[in-house]
Amino acid sequence: MPPDAKPTWNEVFFFPLRDTMVAYRGRVLLELSTHPGDIDERQQDTIAPEDVSRAQRLLPPRHRLGLCAVFYSATMLSPTSEPLRFELSIGHHGDTGDTTGHPSACATPQGHPLFDGNRYYYMPWYNSKPVVAVSSTWEDAGQRWDGQNLLHSVGERLERNVAMLRNARPDAHGDIGRKLLRELARDCRAALPMLQAQHPKTRLDVELRAARLHLLQLLASAAATGPPRQAWAALLPEAEAWLGRVAALQAEPQAGVPDVLLWLWRGARRLACARIPAHRLACSAHGPAACGRLCGRTHTLMLGAPGHLHAQLRVRLWLGHVAESQELPRYLEGPLHVYAETYEIQMKVLGKWSRRALPGHPSFSDVAGRAGLPCERIRTPQGWCWDGPWAVEPPQRLLPDPEAGVDEVLEEVYENQSRQHGGEWGPANVPSTDVTGTAVPPKEEVACPQGWHITDDWRVEVTGAVDEAGWEYGVSVAAGDPSPAWHPKEETYHTQRRRRWLRTRRRDNSAQGQEKDIDVVHSPEAPDKAWEYASLWGGRFHPQRRAGDVCRRRCWHRRMVPEPPSAVAAIFLLEGTADVEAMPESKQTAAVPKGRGHSQHPKPVILCTFQRPSSFQLRCYLFQALELKPHGTKTTADPVAHVSFVHLSQSTRVLPGTLDPVWDQALLFHRVPLHGDPRGVREEPPAVVVEVFDQDGEGAGSFLGRSVCTPKVWLDVGRWKPPRLQRYPLEGPGGPAGELLAAFELLHEAEDGAVARLSTPPWRQGTFSIPSGIRPVLRLMALEVLAWGLRGLHGRSVLPVRAPSLEVQCGGQVLRIPPITNLTTNPNFPINAFLLTLHLPLEEEYVPPIRLRVLDTQGFGYRPHVGQACVQDLARFRRQPNAGEQLLTPRVPVAGSNPAAAWGKIAQMLPRVTAEKGTADKVGTGIGGHQGPPGSSCLTLLPHSAAHQDMEREEEDEEEGDWWSKFYMAMGDKAKSHQGTRRDSLKVYSCELEAVPEFEGLQDFCQTFPLYQPGGQQGDDPVGEFKGLFCLYPLPEDPGVPPPPRHFQELPPSQPQQCLVRVYIVRAFDLSPRDRNGMCDPYVRVSLGAKTLGQRDQYVPNTVEPVFGRMFEMMGTVPLEKDLRVSLLDHDLLPPDQEIGSTTIDLENRLLSRFRAHCGLPRLYRTAGPGRWRDQLSPSRALEHLAHSRGLQAPEFNTEGTAVSFGGSTFLLSHFESGPPTHRHPGVPRERLALHVMRAWKLVPEHLETRTLYNSAQPGLEQGKLQMWVDIFPSNLGPPGPPVDISPRKPQSYELRCVVWNTRDVEPGDTSASGQRMSDIYVIGWMDGLEEQKQRTDVHYRALQGDGSFHWRFVFPFQYLVAEQRCVLPHKEHFWSLDQTVLKVPPKLILQVWDNDKFSADDFLGVLELQLTRLPRPAQRPQDCALKPHLSPWPWGRTRGPPHFSLFRKKQARGWWPCVVHKGGTQRMAGKLELSLELLNEKEAEERPAGKGREEPNAYPTLQPPVRPDSSFLWLRTPLRALRYAVWQRHRCRITATIALLLLLLLLLNFIYSAPGYIAMKLVNPLQGLRLFRAGSKR
């Protein structure tokens, strides 16, 4: 809430712990504010008085609200001897238990419910409906209610359209989508002006109004843009997102008016409650969209818990300002009348009725029996006057006519006898009575009414607590009175006995609706007949006089009207009590004392009267109930459905021993009276409540589930269309309890008799059945059952399961499978394939499920129920009866079918697919993307030397390559893989192998169905598993047509078999930490049956992503030991260890699956090496075995093995391979071709599955992932191949020898006394990650110009992973850590040049970092050494080879490398190092030892001490060397230039000296030179 938000009220409710009811306790005035920053230290403080005053001034003004309720019906009540009433309250107003409020007409008159003739009870209100009114004062919340209701109106319509779009067929998505967008745009546009016209009062109102306006504008614009660009199905998720955003803004946190509570009282005890938000009832002056959803509408409320319903109430509510209540009559369907009433009491004294009041018995009372006032003493409330005289009027009620709306009536008459003087039985004084003892005509005189017929004659009921003849015995208290209790066994002191005679009669179909179903007692002209009688004072009154009645009463009432006409509704003026006789005000309190026996002024009674109800006919079509949950520990039930509609109810027949009862029954309710406008019934039809009970014997039965259904209303029966069966959810005591497949329609019985012209449902076997247009169409189907076996059964008792059997129920048919003889030796059934014929609906939504029941066979014929299961969605088991065997479908092959037809389509596609695959292989193995002609190798495109070099490199890679190379290649980590493994592949699944869609859960042969305890459901712990499969297909209706061939014919042997199981555990990741440092120490434990492998000491320390690389091998008997459990545990210092997580693998499914999941198929066939064929059968034999299991002919290979005829087609090896294989150990062509053909079948490849780990202590939460695979080898197929080596890569020991020869041009760090730049240079070196192995050279003191000479050897031993090109470094996170972790870093040599200082820290001069796997090619001369190599324009000056090379391949290198200094994000050269690098493995290092520095053994090479000047300042002893450092190094450029100029000057002087003589000689004898040349040639 914003900081400046104003305070608001929030109501407080009291929730009792042992009940679901609520009670209002008050309101709390809150002011919430939020602000950024830290939490204040003060958690609570006292509110200042000025803050309280400020908050009260900011509250909105208070208004008087009126709440009105019209009760139409109260049904489904329980029988009770106490009167019932309904009370309406809002806050403390209307609560009769609160003494602080003013009395008001907040409760209905008390009354006793009446029996509906079938099962339930109802309140007899008929055409005079009780009305309650409560007025109260609250802060004005109308504007907030308007905004809240506007959002609710938009959201409810959008929710209905979204539900229609979700359940619609694909072809109807367009129409429903357009309707959704059209209505959404209209609702948003209608709500926008109302929200814009509001004036917010608080900051929160401003923000909430802005958010709602923004949302409505956004939805309006989105709906106006039209359909989505994609298909209409894309509109559903978008509309659901809109609905979520609308629902988020529907809440109103500042509405301080409490919710409305509607209570059911039984005597002085609250029985049930319904809570209704006030805004749902609010009436607004801004239009119907701003009104609440229930304002002025008839609504059905359920009072009670799901397991026990106390009442179904149909009521119309209204809430609004009293000042605007003149609009209330517009929301009601009948006029309101206010009465004052009192009851006149008479007692029987000496056989005569007397008005004289006896002690404790008043002469006048209210309806509850409390002492009241006589008519002449009652006065009207202030502002009211009488309208007419007092009159005797019995309460208008709907009398219990059991024949109203029913088609079958069970008549009963009790024959009574009394004991005579001789001890013999004779007719009693009243020989025939009903169950209450009231005299009735004898059974011989009971006539059949008109329109009915007798179905069976009178019979004696012999069931229940009676003897063999049907008699029950008792003792009467007084002569002629019935016995208060009856017993089935006769005793000598019994004086009376009786037995029950029954007869059934049914209504004629032609006479339906002709009888008057309702009898109304309304006789104001006969006051003497308006009495009600009771046998005891305070007991229940009845309209008919009986023997033994001692009390009677009648009701006097008088109508009241407001004296001055008022602008508000009159019912809200009934505040306070009516005036008693004129007396002083001080004595009025004493005149109305409290308590029983004192006269109290009656409260006014408000009634809404209706002239004539409308007649309707309800038709209920109950087809089936699905997935009922039995009561308690029962395994089956005897379901019966009780249908209640307003004050009527009917029941279906009882179907014994089923949880999916198919009633196929229609229940008709004739001439049901519904008061009010029929159009209102169409908008808000009464609910049809269906309750399903388990009718086990006599009594009410056990409640199973309830469904509240809405019927389809037809006012114009001429447009009637047959309804469609729908699924209605059943809610039981513990939640969902199944589904009900039914349809309900409510037909208006107009005077034209259109309903009578509709066809009546057909009559079958004593009941109405569902008509053919509504009833699902049934077809003869065949259900084949593959009952493979039972797994992991454990009963509820101490005794183990011995010989279980299976019962399969579907469509009313039961299949009993022979029991398993010994579950411990062979858990499979002796007979596996069965056939069951039954009639099932064609529509998939109507097909019942398959129920499985497992019964055990114990001693003495005892067959306890072990487990059960319900198989739904039978569409996945549907098959075509004449379809051939499809290779990629999990079906058993049909004997006698044409294999060529089954293979045909695949055979046509296979050459093209394999040709594309071969082309991809050629491109993948080609060099530079070029492709050679067919049959030629791609290496011929290169020169011989290059091809030979690449071939050697591939062979070297294959030697280095291992299984981990394939793994890293599959994971996309090419740096850790090798080029030689790129032709081979490994499929890595990111889920379990069972979760891969193309493998169908590995349940293609048989599926696993969990079994639960009786009464259990999905989500509970199973008690076992059923292994089997179902096949459903139609059968021909013509008996002359032969049935299709059976599916389950060729089955594998069902005997247990020994298997070798290899479990490969590769790695785990995302593990849940178990230690305080956020890590864990996991290790693996593998369990199969009673065998467990895995040791505690083989753990990986301090990691949540361990790499195990372990293989476990064990023997097991499948299916006795079928569940492989792989667990990861956290190693602790002291056991027991915590379990991180585990996963379970069903080995039987993998062994039986036709996807060949027991051993994955590799991509290449190899006879040796890391990828060697490891299966028991060679590829050709495996292909033959696969063809046999699928019912196909065996493959035929040619002599060379390059072609195979299979399934009517011929496949060549050239389809898969374009030339000779380039990988090593390829094997013969026959096996390679067989492997290619099997891989084209989409079988399980060589793979790695990722399984999720779970922990039973934290169910449903992932504890990490585990990558692994399993190989299963049956012993009867021979020995398997060698296991795959997946052990983690072990590093090799290497030794790097680095000799530091010289340095050049290192930046000097000091300056001598003579001004010379010099340094005391030394070099430090180490391998990256091994800083503790640092080594340093000696110091070259006073090295001028950065030129140093060392002749020093560094020796660095390290561990190196060749495949990953990483150095392996043991590492401890802390010094107190118990275990070491492994750190992998690239191999890098680091050399640093430093200036040695004696009195200060050494100066850093430069660094050289050399990556050994990518070593820069060194310069051979120091002047050629640079950061970037110079490109020479001359061919002989260019460097041969790549600029980088691997020292692990070349082994040795020598030259000059530049040192750099990093500064400001750039680097510059700071010197040059002359190094020689040599890399040796462990064996070579032992054979050629060398010491560090110049220590012994000083060999390979032998290092001589460097020649260094003793002192650079002793120039007298070494003058030439001193001149070199003092003059030449500093002035060599100037000296060189001076010498060059002197030479040029000498040449010029020589030319000037000799030029005149040469010129003169040429002038005197110009041909002298030519003659001299000829003479020389002649010689």
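Residues numbered from 1 in each chain as written. Predicted model: local features only at pLDDT ≥ 70, side-chain atom pairs only at ≥ 80, totals over all residues. Heavy atoms only, no water.

A few words now on the overall build of the chain. Looking only at helices and strands, the chain features 19 helices and 69 strands. Considering only contacts within the chain whose residues lie at least 6 apart along the sequence, 69% involve residues at least 24 apart. (Helix = DSSP H or I, 4+ residues; strand = E, 2+ residues; numbered from the N terminus. Contact = heavy atoms within 4.5 Å.)

Glancing now at the packing of helix H2 (residues 142-167) against helix H5 (residues 235-248). The contact between H2 and H5 brings their axes to 10 Å, and the two run at 155°. By the angle between their directions, the pair H2 and H5 is classed as roughly antiparallel. For the pair H2 and H5, the sense of crossing is left-handed. For the pair H2 and H5, the contacting residues are Leu151, Gly155, Leu158, Glu159, Val162, Leu165 and Arg166 in the first and Leu235, Leu236, Ala239, Glu240, Trp242, Leu243 and Val246 in the second. Among the residues making up the contact of H2 with H5, the classes are represented as ten nonpolar, one polar and three charged. (Axes fitted to C-alpha atoms, helices over the stretch in contact; angles between N-to-C directions. Parallel < 35°, antiparallel > 145°, perpendicular 65-115°, else oblique. Left-handed = near helix turned anticlockwise from the far one by under 90°. Nonpolar A, V, L, I, M, F, W, Y, C, P; charged D, E, K, R; others polar.)

In this section: the sheet that holds strand S39 (residues 833-841). Taken in spatial order, the four strands line up as S39-S36-S44-S43 in an open sheet, and their pairing is antiparallel. Each edge of the sheet is formed by a strand with only one pairing partner; in this case those strands are S39 and strand S43 (1007-1011). Strand-to-strand twist across the sheet, computed as the mean angle between neighbouring axes with direction ignored, equals 40°. Pairing of strand S36 (residues 778-791) with S39 involves nine bridges; the strand directions are antiparallel. From the neighbouring strand, Met781 faces S39, where its bridge partner is Leu838. (Pairing = 2+ DSSP bridges.)

Attention now goes to the pairing of strand S45 (residues 1057-1069). Along S45, ten of the 13 residues are buried, which leaves the element largely enclosed by surrounding structure. By the bridge criterion, ten bridges tie S45 to strand S48 (residues 1107-1118) in an arrangement that is antiparallel. Across the sheet, the residue bridging to Gln1057 is Val1118, located in S48. Sheet analysis places S45 next to strand S55 (residues 1258-1274), joined by ten bridges and oriented antiparallel. By the bridge assignment, Ala1068 is partnered in S55 with Leu1266. (Buried < 20%, exposed > 50% of the residue type's maximum accessible area, 1.4 Å probe, protein only.)

Taken as a whole and judged by the stated rule, the model has 76 salt bridges. The closest approach of N and O atoms between Glu156 and Arg293, which form a salt bridge, is 3.7 Å. Remark: Arg293 occurs in the loop between strand S9 (269-276) and strand S10 (298-305) and Glu156 occurs in helix H2; sequence separation between them is 137 residues. Two residues, Lys966 and Glu1246, come together in a salt bridge whose shortest N-O distance is 3.0 Å. Of this pair, Lys966 sits in helix H12 (residues 963-970) while Glu1246 sits in the loop between helix H15 (1229-1239) and strand S54 (1247-1255), and the two are 280 residues apart along the sequence. We note that Lys966, like Glu1246, is buried. (Salt bridge = Lys/Arg side-chain N within 4 Å of Asp/Glu carboxyl O.)

Turning next to the packing of helix H3 (residues 173-196) against H5. Look at H3 against H5: their axes get within 11 Å of each other, and the N-to-C directions meet at 30°. Taken together, the axes of H3 and H5 are roughly parallel relative to one another. The chirality of how H3 crosses H5 is left-handed. Where H3 abuts H5, its residues Gly177, Leu180, Leu181 and Leu184 lie against Leu235, Ala239 and Trp242. Looking at side-chain class alone, the contact of H3 with H5 contains six nonpolar, one polar and no charged residues.

On to the confidence of the model for the chain, then. Low pLDDT marks stretches whose predicted atomic positions should not be read closely. Per-residue confidence for the chain gives a mean pLDDT of 81; residues scoring 70 or more make up 83%. Long-range and interchain partners of residues 511-526, a stretch whose pLDDT sits below 50, account for 35 contacts in this model, where long-range means more than four residues apart. Counting contacts from residues 884-960, a segment whose pLDDT is below 50, to residues more than four positions away or on other chains yields 98 contacts. (pLDDT = per-residue confidence, 0-100.)

Right, let's get into the side chain of Asp1397. As for its placement among the helices and strands, Asp1397 is situated in the loop between strand S64 (1388-1395) and strand S65 (1403-1411). Of the buried charged residues, Asp1397 lacks a salt bridge, with Lys1398 as the closest side chain of opposite charge at 9.9 Å. Beyond its immediate chain neighbours, meaning those up to four positions away, Asp1397 contacts Asp1310, Asp1402 and Asp1403. (Lys, Arg positive; Asp, Glu negative; His and termini not counted.)

Two numbers describe a pair of aromatic rings. These are the distance of the centres and the angle of the planes. Under the defined criterion, the tally for this structure stands at 36 aromatic pairs. Between Phe1358 and Phe1448 the ring centres are 6.5 Å apart and the planes differ by 85°, which places this aromatic pair in the edge-to-face class. With a gap of 90 residues between them, Phe1358 in strand S61 (residues 1348-1361) and Phe1448 in helix H16 (residues 1447-1450) connect regions that are remote in the sequence. An identical accessibility class is assigned to Phe1358 and Phe1448; each is buried. Chaining the aromatic ring pairs together yields one cluster made of Trp963, Trp964, Phe967, Tyr968, Tyr1064 and Trp1269. Cation over ring: Arg497 sits above Trp471, and NZ or CZ is 4.0 Å from the ring centre. Over the ring of Tyr343 we find Arg553; its NZ or CZ atom is 4.4 Å from the centre of that ring. (Phe/Tyr/Trp six-rings, centres within 6.5 Å; stacked < 30°, edge-to-face > 60°. Lys NZ or Arg CZ within 6 Å of the ring centre and 35° of its normal.)

So, on to unusual backbone geometry. Note on backbone geometry: most residues besides glycine have negative phi, and most peptide bonds are trans. Following Glu1496, the chain continues into Pro1497 via a peptide bond in cis, with omega recorded as -5°. Within the secondary structure, Pro1497 is located in the loop between helix H17 (1482-1487) and helix H18 (1519-1564). Omega for the peptide link from Tyr1500 to Pro1501 comes to -10°, which places this bond in the cis form. Here the phi dihedral of Asp873 falls at roughly 55°; this positive angle occurs in a residue that is not glycine. Relative to the helices and strands, Asp873 is located in the loop between strand S41 (865-871) and helix H10 (899-925). Of note, the phi angle at Lys1451 is positive, near 75°, even though the residue is not glycine. Along the polypeptide, Lys1451 turns up in the loop between H16 and strand S68 (1452-1463).

Of all eleven residues making up H15, eight are buried, and the element is well covered by its neighbours. For H15, the complete set of buried residues consists of Glu1231, Arg1232, Leu1233, Ala1234, Leu1235, His1236, Val1237 and Met1238.

Let us now look at the environment of Asp456. The topology assignment puts Asp456 in strand S19 (residues 452-460). Taking the C-alpha atoms as reference points, Asp456 and Arg506, 50 residues apart in sequence, are found 10.0 Å from one another. Sequence-distant contacts of Asp456, defined by excluding residues within four places in its chain, comprise Arg503 and Thr504. A polar atom in the side chain of Asp456 sits 3.0 Å from the backbone nitrogen of Thr504. (Polar contact = N/O pair within 3.5 Å; in protein donor to acceptor, adjacent residues only side chain to side chain.)

Before going further, it helps to examine the sheet that holds S41. If you trace the four strands from one edge of the open sheet to the other, you get S38-S37-S40-S41, paired in antiparallel fashion. Each having just a single partner strand, strand S38 (813-817) and S41 make up the two edges of the open sheet. The sheet shows a mean angle of 15° between the axes of neighbouring strands, taken without regard to direction. Relative to strand S40 (residues 850-855), strand S37 (residues 805-810) is paired through five bridges, and the arrangement is antiparallel. Counterpart to Leu806 in the pairing with S40 is Val854.

Take the pairing of strand S53 (residues 1209-1212) next. On a regular strand, each side chain points to the face opposite its neighbour's, so the side chains alternate between the two faces of the sheet. Of the pairings in the sheet, the one linking strand S52 (residues 1203-1206) to S53 comprises four bridges and is antiparallel in character. Residue pairing in the sheet places Phe1206 in a bridge with Ser1209 of S53. Where S52 folds back on S53, the antiparallel hairpin that results is connected by two residues, among which Gly1207 adopts a positive phi of roughly 65°.

Let us now look at the environment of Ser1319. Following the sequence through the fold, Ser1319 ends up in strand S58 (residues 1317-1327). The buried category is assigned to Ser1319, whose relative accessible area is 1%. As for Ser1319 and Leu1344, which are separated by 25 residues in sequence, their C-alpha atoms are 6.6 Å apart. Excluding residues within four positions of it along the chain, Ser1319 makes contact with Glu1307, Pro1308, Gly1309, Asp1310, His1340, Tyr1341, Arg1342, Ala1343, Asp1395 and Leu1405.

Within the secondary structure layout, Cys870 lies in strand S41. On the basis of relative accessibility, which here comes to 31%, the residue Cys870 falls in the partly exposed class. Between the alpha carbons of Cys870 and Leu852 there is a distance of 6.3 Å; along the sequence they are 18 residues apart. Apart from the residues lying within four places of it in its own chain, the contact partners of Cys870 are Glu627, Pro849, Ile850 and Arg851.

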